[in-house]
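# Fold and contact review
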Amino acid sequence: MKIKNILAKETWPIRRTVMWPEKPFDFVKLENDSEGFHFGGYVDEELICIVSLFIKNNKAQFRKLATKENHQGKGYATKLLHHVFEFAKNKNMNTIWCNARKNKTNFYHKFSMTETNRTYKKGGIEFVVMEVTL
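Summarised in this report is the structure supplied together with it. (Residues numbered from 1 in each chain as written. Predicted model: local features only at pLDDT ≥ 70, side-chain atom pairs only at ≥ 80, totals over all residues. Heavy atoms only, no water.)

In this section: the overall build of the chain. Helices and strands together make up the secondary structure of the chain, namely 3 helices and 7 strands. The order of α-helices and β-strands along the chain, N terminus first, is β-α-β-β-β-α-β-α-β-β. Relative to the 2.2 N^0.38 estimate, which gives 14 Å for 134 residues, the radius of gyration of the chain is 14 Å and therefore close to what a compact globule would have. Overall, the chain is about 35 × 35 × 30 Å in size when its C-alpha atoms are taken along their principal axes. (Helix = DSSP H or I, 4+ residues; strand = E, 2+ residues; numbered from the N terminus. Rg over C-alpha atoms; globule rule 2.2 N^0.38 Å.)

This is the structure in C-alpha coordinates:
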(Lines give C-alpha, C1' and ligand atoms only; values in the text may rest on other atoms or scores of the structure.)
Protein backbone atom coordinates (compact mmCIF):
# COMPACT_ATOMS: atom_id res chain seq x y z
CA MET A 1 0.00 0.00 0.00
CA LYS A 2 1.25 3.47 -0.89
CA ILE A 3 0.29 6.31 1.49
CA LYS A 4 -0.29 9.81 0.15
CA ASN A 5 -1.50 13.15 1.46
CA ILE A 6 -4.96 13.75 0.04
CA LEU A 7 -7.67 16.41 0.12
CA ALA A 8 -10.50 16.27 2.63
CA LYS A 9 -13.06 15.84 -0.15
CA GLU A 10 -11.25 12.68 -1.25
CA THR A 11 -12.02 11.08 2.13
CA TRP A 12 -15.76 11.72 2.04
CA PRO A 13 -16.92 8.87 -0.22
CA ILE A 14 -15.14 6.22 1.86
CA ARG A 15 -16.25 7.84 5.13
CA ARG A 16 -19.85 7.61 4.03
CA THR A 17 -19.77 4.16 2.45
CA VAL A 18 -17.93 2.53 5.34
CA MET A 19 -19.01 4.48 8.42
CA TRP A 20 -22.40 6.04 7.81
CA PRO A 21 -23.99 4.56 4.65
CA GLU A 22 -27.52 5.33 5.85
CA LYS A 23 -26.80 9.03 6.44
CA PRO A 24 -26.84 11.89 3.91
CA PHE A 25 -23.49 12.57 2.22
CA ASP A 26 -22.97 15.87 4.08
CA PHE A 27 -23.13 13.98 7.41
CA VAL A 28 -19.53 12.77 6.94
CA LYS A 29 -18.06 16.20 6.27
CA LEU A 30 -16.36 17.71 9.30
CA GLU A 31 -16.66 21.39 10.07
CA ASN A 32 -12.88 21.64 10.47
CA ASP A 33 -11.88 19.36 7.57
CA SER A 34 -10.01 22.27 6.01
CA GLU A 35 -7.72 22.41 9.07
CA GLY A 36 -6.71 18.76 9.02
CA PHE A 37 -4.14 16.54 7.41
CA HIS A 38 -5.74 13.81 5.33
CA PHE A 39 -4.05 10.58 4.33
CA GLY A 40 -5.02 7.89 1.88
CA GLY A 41 -3.78 4.39 1.34
CA TYR A 42 -3.65 3.24 -2.28
CA VAL A 43 -3.48 -0.25 -3.71
CA ASP A 44 -3.01 -0.44 -7.49
CA GLU A 45 -3.81 3.31 -7.73
CA GLU A 46 -7.18 2.78 -5.94
CA LEU A 47 -7.88 4.76 -2.76
CA ILE A 48 -8.92 2.06 -0.30
CA CYS A 49 -8.20 3.45 3.18
CA ILE A 50 -8.42 6.94 4.68
CA VAL A 51 -7.85 8.85 7.90
CA SER A 52 -7.80 12.51 8.95
CA LEU A 53 -5.56 14.09 11.58
CA PHE A 54 -6.21 17.30 13.49
CA ILE A 55 -3.57 19.03 15.60
CA LYS A 56 -4.35 21.35 18.47
CA ASN A 57 -1.67 22.50 20.90
CA ASN A 58 0.47 19.42 21.60
CA LYS A 59 -2.26 16.88 20.93
CA ALA A 60 -3.26 15.16 17.71
CA GLN A 61 -6.66 13.63 17.08
CA PHE A 62 -7.21 11.17 14.26
CA ARG A 63 -10.72 10.82 12.92
CA LYS A 64 -12.65 8.86 10.36
CA LEU A 65 -10.29 5.93 9.91
CA ALA A 66 -12.01 3.74 7.32
CA THR A 67 -11.14 1.02 4.83
CA LYS A 68 -13.28 -0.08 1.92
CA GLU A 69 -15.13 -3.24 2.90
CA ASN A 70 -13.51 -5.50 0.29
CA HIS A 71 -10.05 -4.50 1.62
CA GLN A 72 -10.75 -4.85 5.34
CA GLY A 73 -8.84 -7.35 7.44
CA LYS A 74 -5.67 -7.08 5.37
CA GLY A 75 -3.70 -4.72 7.63
CA TYR A 76 -4.17 -1.56 5.58
CA ALA A 77 -5.70 0.49 8.41
CA THR A 78 -2.88 -0.62 10.70
CA LYS A 79 -0.27 0.57 8.21
CA LEU A 80 -2.07 3.87 7.70
CA LEU A 81 -2.37 4.46 11.43
CA HIS A 82 1.34 3.70 11.97
CA HIS A 83 2.02 6.41 9.36
CA VAL A 84 -0.22 8.87 11.24
CA PHE A 85 1.51 8.13 14.55
CA GLU A 86 4.91 8.79 12.97
CA PHE A 87 3.59 12.00 11.40
CA ALA A 88 2.32 13.16 14.82
CA LYS A 89 5.65 12.31 16.47
CA ASN A 90 7.49 14.29 13.80
CA LYS A 91 5.23 17.25 14.60
CA ASN A 92 6.31 16.92 18.26
CA MET A 93 2.88 15.96 19.54
CA ASN A 94 2.67 14.71 23.14
CA THR A 95 -0.55 12.75 22.79
CA ILE A 96 -2.62 11.18 20.08
CA TRP A 97 -6.28 10.37 20.65
CA CYS A 98 -9.48 9.34 18.93
CA ASN A 99 -13.18 8.78 19.45
CA ALA A 100 -13.33 5.00 19.04
CA ARG A 101 -16.42 2.95 18.41
CA LYS A 102 -16.68 0.78 21.51
CA ASN A 103 -16.76 -2.38 19.39
CA LYS A 104 -13.38 -1.43 17.83
CA THR A 105 -11.33 -0.76 20.98
CA ASN A 106 -9.27 -3.94 20.61
CA PHE A 107 -7.90 -2.61 17.32
CA TYR A 108 -6.61 0.53 19.05
CA HIS A 109 -5.08 -1.47 21.91
CA LYS A 110 -2.51 -2.67 19.32
CA PHE A 111 -1.23 0.91 19.32
CA SER A 112 -1.01 1.03 23.15
CA MET A 113 -4.06 3.26 23.26
CA THR A 114 -6.20 3.09 26.39
CA GLU A 115 -9.81 3.96 27.06
CA THR A 116 -10.59 7.06 29.09
CA ASN A 117 -13.75 7.55 31.13
CA ARG A 118 -15.15 9.85 28.42
CA THR A 119 -17.93 8.14 26.46
CA TYR A 120 -20.84 9.24 24.31
CA LYS A 121 -23.40 7.98 21.84
CA LYS A 122 -23.88 9.22 18.26
CA GLY A 123 -26.28 7.85 15.68
CA GLY A 124 -27.07 4.93 17.98
CA ILE A 125 -23.38 3.95 18.23
CA GLU A 126 -21.41 4.03 21.49
CA PHE A 127 -18.00 5.72 21.47
CA VAL A 128 -15.16 6.00 23.95
CA VAL A 129 -12.24 8.44 23.86
CA MET A 130 -8.94 6.54 23.61
CA GLU A 131 -5.46 8.02 23.85
CA VAL A 132 -1.77 7.31 24.12
CA THR A 133 1.23 9.41 25.09
CA LEU A 134 3.78 9.58 22.29
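As a further point, take the packing of aromatic side chains. For any two aromatic rings, the description comes down to two numbers: the centre-to-centre distance and the angle of the planes. What the rule picks out here adds up to 9 aromatic pairs. With centroids separated by 5.7 Å and ring planes inclined at 40°, the aromatic side chains of Phe62 and Tyr108 adopt a geometry described as tilted. Taken as a pair, Phe62 in strand β4 (residues 59–67) and Tyr108 in helix α3 (residues 105–109) lie far apart in primary sequence, 46 residues in all. The pair formed by Phe62 and Tyr108 is uniform in burial state, with each residue classed as buried. Judged by centre distance (5.4 Å) and plane angle (35°), the rings of Phe85 and Phe111 are tilted. Here Phe111 lies in the loop between α3 and β6 (114–122) and Phe85 lies in helix α2 (residues 76–90), a separation of 26 residues in the sequence. Sitting over the ring of Tyr42, Lys4 keeps its end group 4.5 Å from the ring centre. Taking NZ or CZ as reference, Lys23 lies 5.1 Å from the ring centre of Phe27, over its face. (Phe/Tyr/Trp six-rings, centres within 6.5 Å; stacked < 30°, edge-to-face > 60°. Buried < 20%, exposed > 50% of the residue type's maximum accessible area, 1.4 Å probe, protein only. Lys NZ or Arg CZ within 6 Å of the ring centre and 35° of its normal.)

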